[in-house]
Amino acid sequence: MTSPEYNNIPIINGLVLAGGKSRRMGSDKDLLNWHGKEQRYFAADLLAPFCNEVFISCRQDQLENFDYSYHALTDTFLNMGPFGGILSALRAQRDKAWLVAACDLPLLDHRSLDYLIRSRDPEKAATTYESPFDGFPEPLITIWEPKSYPLLLHFLGVGNTCPRKVLINSDTLILKPDNPEALMNVNTPEDAVKAKEILNKQAMHK
């Protein structure tokens, strides 16, 4: 029998952060094709089995060539990068938790998402991974609970729009990644070469 407490756990929506300007990469990261389709759509498909609905967070100008078989969620908090995308999602559906994944994680896999979901603590503000690259929480692969919305607004009010600082200074569950490579951000052409090599190796071992 399901306990009443279980019924109160917020449903999870998915959010693919795809609104960045990709200045370091030199081309739009959300449009890169790593797995047979544009990364923003691949990431949305990856999140779908774990979520009630999945949205792609993007700028208004990105809607021009958007595939409307997917859901777009344009920022209502503008020019704040990922912070604005996360806040806009929490504001749009305040009773939902949001599984947020950046579109520059081409190595993100089903197993890492599954572990994050299974380890989730809805009593915390967020459940996230520790970055294997710098040891800090990784805000761009995180479950943000509804209670994180006022926390983000508070940080915005004091002029801080760094989602990582919100995680560091809040009641956050931080997990060690089972597969550290899955959390690799691809921000530059050099990163892209490295990621491609890893994907090629993975394909050979399948």
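Summary of the structure given here.

### Let's talk about the overall build of the protein
And step 1. In terms of regular secondary structure, the protein is built from seven helices and seven strands.
And step 2. Mapped in sequence order, the helices and strands of the protein form the string α-β-α-β-β-α-β-α-β-β-α-α-β-α.
And step 3. With 206 residues in all, the protein has 50% of them scored as buried.
And step 4. Counting contacts in the protein only where the partners sit at least 6 residues apart, residues at least 24 apart contribute 69% of the total.
And step 5. Carbon together with sulfur atoms contributes 52% to the accessible area of the protein, which is approximately 10,500 Å² in total.

### Here we look at the environment of Ala-97
And step 1. Among the structural elements, Ala-97 can be located in strand β4 (residues 97-102).
And step 2. Sequence-wise, Ala-97 and Tyr-149 are 52 residues apart; in three dimensions their C-alpha atoms are separated by 9.9 Å.
And step 3. Beyond its immediate sequence surroundings of up to four residues, Ala-97 is in contact with Pro-10, Ile-11, Ile-12, Asn-13, Arg-120, Ile-143, Trp-144, Glu-145 and Pro-146.

### Concerning the packing of aromatic side chains
And step 1. Taken as a whole and judged by the stated rule, the model has five aromatic pairs.
And step 2. Measuring from ring centre to ring centre gives 5.9 Å for Tyr-41 and Phe-66, while their planes differ by 70 degrees; the resulting arrangement is edge-to-face. You can see Tyr-41 sitting in helix α2 (residues 39-47) and its partner Phe-66 sitting in the loop between β2 (54-58) and β3 (71-74), a full 25 residues away along the chain.
And step 3. Note on Phe-66: relative accessible area 7%, which makes it buried.
And step 4. Within the aromatic cluster, the residues linked to one another by ring pairs are Tyr-41, Phe-66, Tyr-68 and Tyr-70.

How each quantity is defined
Residues numbered from 1 in each chain as written. Predicted model: local features only at pLDDT ≥ 70, side-chain atom pairs only at ≥ 80, totals over all residues. Heavy atoms only, no water. Helix = DSSP H or I, 4+ residues; strand = E, 2+ residues; numbered from the N terminus. Buried < 20%, exposed > 50% of the residue type's maximum accessible area, 1.4 Å probe, protein only. Contact = heavy atoms within 4.5 Å. Areas by Shrake-Rupley, 256 points an atom, 1.4 Å probe, with all protein chains shown as cover. Phe/Tyr/Trp six-rings, centres within 6.5 Å; stacked < 30°, edge-to-face > 60°.

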